[in-house]
Amino acid sequence: MSSNPTATAVACANIAFIKYWGNRDSALRLPVNGSISMNLEGLVTRTTVSFQPSLPFDELVINGREVTGLGLERVSTILNLIREMAGIQERAEVITENNFPSGAGIASSASAFAALALAGSRAAGLKLTEPELSRLARRGSGSAARSIPGGFVEWQAGTGDEDSFAFSIAAPEHWELADCVAIVSASHKKTGSTEGHALAPTSPLQEARVADAPRRLDLCRRAILERDFAALASIVELDSDMMHAVMMTSSPALHYWQPASLSVMQAVRQWRGEGLPVCYTVDAGPNVHVLCPKAEAAGVEKKLREIGGVVDVLKAGVGGAAKIVNGD
Ligand code: PMV
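Definitions and cut-offs
In this numbering scheme, every chain counts its residues from 1 along its sequence in written order. Local features are withheld for residues below a pLDDT of 70 in this predicted model, meaning they are given only at 70 or higher, and side-chain atom pairs are given and counted only at 80 or more; totals for whole chains, interfaces and linings count all residues. Hydrogens are left out, water is left out, and the side-chain values use all remaining heavy atoms of the structure. Under the scheme used here, helices are H or I runs from DSSP no shorter than 4 residues and strands are E runs no shorter than 2 residues, and both carry numbers assigned from the N terminus. Take the number of residues in a helix, subtract one, and multiply by 1.5 Å to get its expected span. Only protein chains enter the accessibility calculation, which uses a 1.4 Å probe; a residue is then buried when its area is under 20% of its type maximum, exposed when over 50%, and partly exposed in between. The term salt bridge refers to a side-chain nitrogen of Lys or Arg lying within 4 Å of a carboxyl oxygen of Asp or Glu. Within this scheme, the nonpolar core is defined by two criteria: the residues are buried Ala, Val, Leu, Ile, Met, Phe, Trp, Tyr or Cys, and they are joined through side-chain atoms within 4.5 Å. Domain limits in this description derive from either an automatic procedure or a database domain assignment. The contact criterion used throughout is that any non-hydrogen atoms of two residues lie within 4.5 Å. Note on terms: buried area is the combined drop in 1.4 Å-probe accessible area of two parts once they are placed together, counting the loss on both. Here the term charged refers only to Asp, Glu, Lys and Arg, the term nonpolar to Ala, Val, Leu, Ile, Met, Phe, Trp, Tyr, Cys and Pro, and the term polar to all other amino acids, Gly among them. Any residue with a heavy atom lying within 4 Å of a molecule or strand is counted as near it. Nitrogen and oxygen atoms within 3.5 Å of one another constitute a polar contact, given that in protein one can donate a hydrogen and the other can accept it, and given that sequence-neighbouring residues count only through two side-chain atoms. All accessible areas in this document rest on Shrake-Rupley with a 1.4 Å probe, and a residue is counted as covered only by the protein chains that are shown. Two strands qualify as a pair provided DSSP detects at least 2 bridges between them. Angles run from 0 to 180 degrees between N-to-C directions of axes, and those axes are lines fitted to C-alpha atoms, restricted for helices to the stretch in contact.

1. Section: helix H2 (residues 109–123)
The end-to-end C-alpha distance of H2, which contains 15 residues, comes to 20 Å, matching closely the 21 Å that a straight helix rising 1.5 Å per residue would cover. Across the 15 residues of H2, 14 count as buried, placing the element largely inside the fold. Once H2 finishes, Gly 125 follows within two positions and takes phi at roughly 90 degrees, a positive value.

Here it is as structure tokens:
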């Protein structure tokens, strides 16, 4: 055990260009296909973990509110893995803050479990490698595996727990892209992704989506490495539409799009037809992530705000790796 049992870490949210949807092992969160994402600069979770001999149970505080039940259980699962690796028994206090607006529909589980894996392991006196941290974050939320490395990141499906981790395929400086997130609804809670992954195999389209994933991963990886926006746009939109086709055809069906989501997607396609480098991708919610070169972001934001039903737009550049901010 380290002499300093407290550590604070910061991790970015990420947006998937090639989506993760469906597990082949849900306890280990081993995905049916690899995925590629971009970290979102400035949309971060900051988490402090301190192991305290006096605590009878783990404690979790998110944005100033104590959380119990399933939320705490999910965090304790990661803390248990850390305790096992470090050979310690102490319970921990976990204090976590997201800097992005709550209810904006930006998934916080990726940044949250990446920050927890890093802060928790460091507070327990462990110095894990990047692949080890990525594997640990994956156990809390699959997409969190991708919030450990920096910039443009690929999570390889792997053959098992040991090799299912994410790594950087290009640094943040490699390509100045921006994500303009069109917020169309901050309302009611939809089916969460953990439940959604379990429904994926009930869609007759999932098998085709998964079989074609290596081809989409190759095209996406190449588009990033060559900074080819047109190639990126077509594969990112295809991949998002394929995931939503699976969602809409699972039993029960998951419909995440709202009328305004579709308005944004149609506008983006029209703008691209007119020569603007822009494309869309949508996660398990109604908000539309609109990608473009950073130089176009202010103009894209302005156009998005003119679309009926768009209530806000968040902008983010390419973010770095998860990092310790004290407790080193
Ligand atoms: O990490 P999870 O279990 O929240 O799953 C994320 C699922 C999507 O956001 C829809 C796609 C992805 O790859 O991030």
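2. Considering the pattern of salt bridges
Tallied over the entire structure, the rule returns 15 salt bridges. Between Glu 306 and Lys 302 there is a salt bridge, with its nearest N and O atoms 3.8 Å apart. A salt bridge links Asp 312 to Arg 305; the nearest nitrogen and oxygen atoms lie 3.3 Å apart. On the basis of relative accessibility, which here comes to 30%, the residue Asp 312 falls in the partly exposed class. Here the salt bridges do not stand alone but share partners, grouping Arg 135, Arg 138, Asp 161 and Glu 162 into one network.

3. Some thoughts on the nonpolar core
Across soluble globular proteins, nonpolar side chains have a tendency to be buried as a group. Counting 33 residues, the largest nonpolar core has Val 49, Phe 51, Leu 79 and Leu 116 as its most contacted members. Listing elements by their share of this core, those giving two or more residues are strand S1 (6–18), strand S4 (35–52), helix H1 (70–86), strand S7 (91–98), H2 and helix H3 (130–138). Top contributing element to this core by residue count: H2, with eight residues. Listed in part, the 31 residues of the second largest apolar core include Leu 43, Ile 224, Leu 232 and Ala 316.

4. A closer look at the domain arrangement of the protein chain
With domains assigned, the protein chain is organised as domain 1 (6–173) and domain 2 (177–316). If you average the C-alpha positions of domain 1 and of domain 2, the two centres end up 23 Å apart. Counting residues at the interface gives 29 residues for domain 1 and 41 residues for domain 2. Interface area, domain 1 with domain 2, both sides summed: about 2,800 Å², of which 70% is carbon and sulfur. Taken together, domain 1 and domain 2 are joined by two salt bridges. The partner of Asp 283 in a salt bridge is Lys 19, with the nearest N and O atoms 2.7 Å apart. Among the elements that line the side of domain 1 that touches domain 2, the one with the most residues is S4, at six residues. Residue composition of the side of domain 1 that touches domain 2, by class: 17 nonpolar, seven polar and five charged.

5. A look at the site of the ligand
Near the ligand, the surroundings consist of 14 residues, among which Ser 141, Ser 143, Arg 146, Ser 193 and His 197 are the closest. A distance of 2.6 Å separates an oxygen atom of the ligand from a polar side-chain atom of Ser 143. Contact distances for the ligand include 2.8 Å between an oxygen atom and a side-chain N or O atom of Arg 146. Calculation on the ligand without its partners gives an accessible area of 380 Å², and the protein chains cover 95% of this total.

6. Things to note about the sheet that holds strand S13 (residues 312–316)
Spatial strand order, S11-S12-S10-S13: four strands in an open sheet with antiparallel pairing. Here the strands that pair on one side only, and so sit at the sheet edges, are strand S11 (279–281) and S13. Within the sheet, the average angular offset between the axes of one strand and its neighbour, ignoring direction, is 25 degrees. In terms of strand pairing, S11 meets strand S12 (residues 288–293) through three bridges, oriented antiparallel. Bridging from a neighbouring strand, Tyr 280 pairs with Val 290 of S12. Along the sheet face, helix H7 (residues 229–248) touches strand S10 (177–183), S11 and S12 and points at about 30 degrees away from the line of S11. Most of the contacts of helix H9 (residues 297–305) go to S13, to which it runs at about 165 degrees, and overall it touches S10, S12 and S13.

7. What about the side chain of Thr 47?
Here Thr 47 is to be found in strand S4. You can call Thr 47 buried: its relative accessible area is 1%. At 2.8 Å, the side chain of Thr 47 and the side chain of Thr 96 are in polar contact. Leaving out residues up to four positions away in the same chain, Thr 47 has contacts with Ala 7, Thr 8, Ala 9, Val 94, Ile 95, Thr 96, Ala 115, Leu 116 and Ala 119.

8. As for unusual backbone geometry
Residue Pro 252 is reached from Ser 251 by a cis peptide bond, and omega for that bond is -5 degrees. Tracing the chain through its elements places Pro 252 in the loop between H7 and helix H8 (259–273). Notably, Arg 29 is not glycine yet its phi reads approximately 50 degrees, a positive angle. For Arg 29, the location among the structural elements is in the loop between strand S2 (23–25) and strand S3 (30–31). Among the residues examined, Arg 29 registers a relative accessible area of 10% and is labelled buried. One non-glycine residue, Arg 227, lies in positive phi territory at about 50 degrees. Relative to the elements of secondary structure, Arg 227 occurs in the loop between helix H6 (213–225) and H7.

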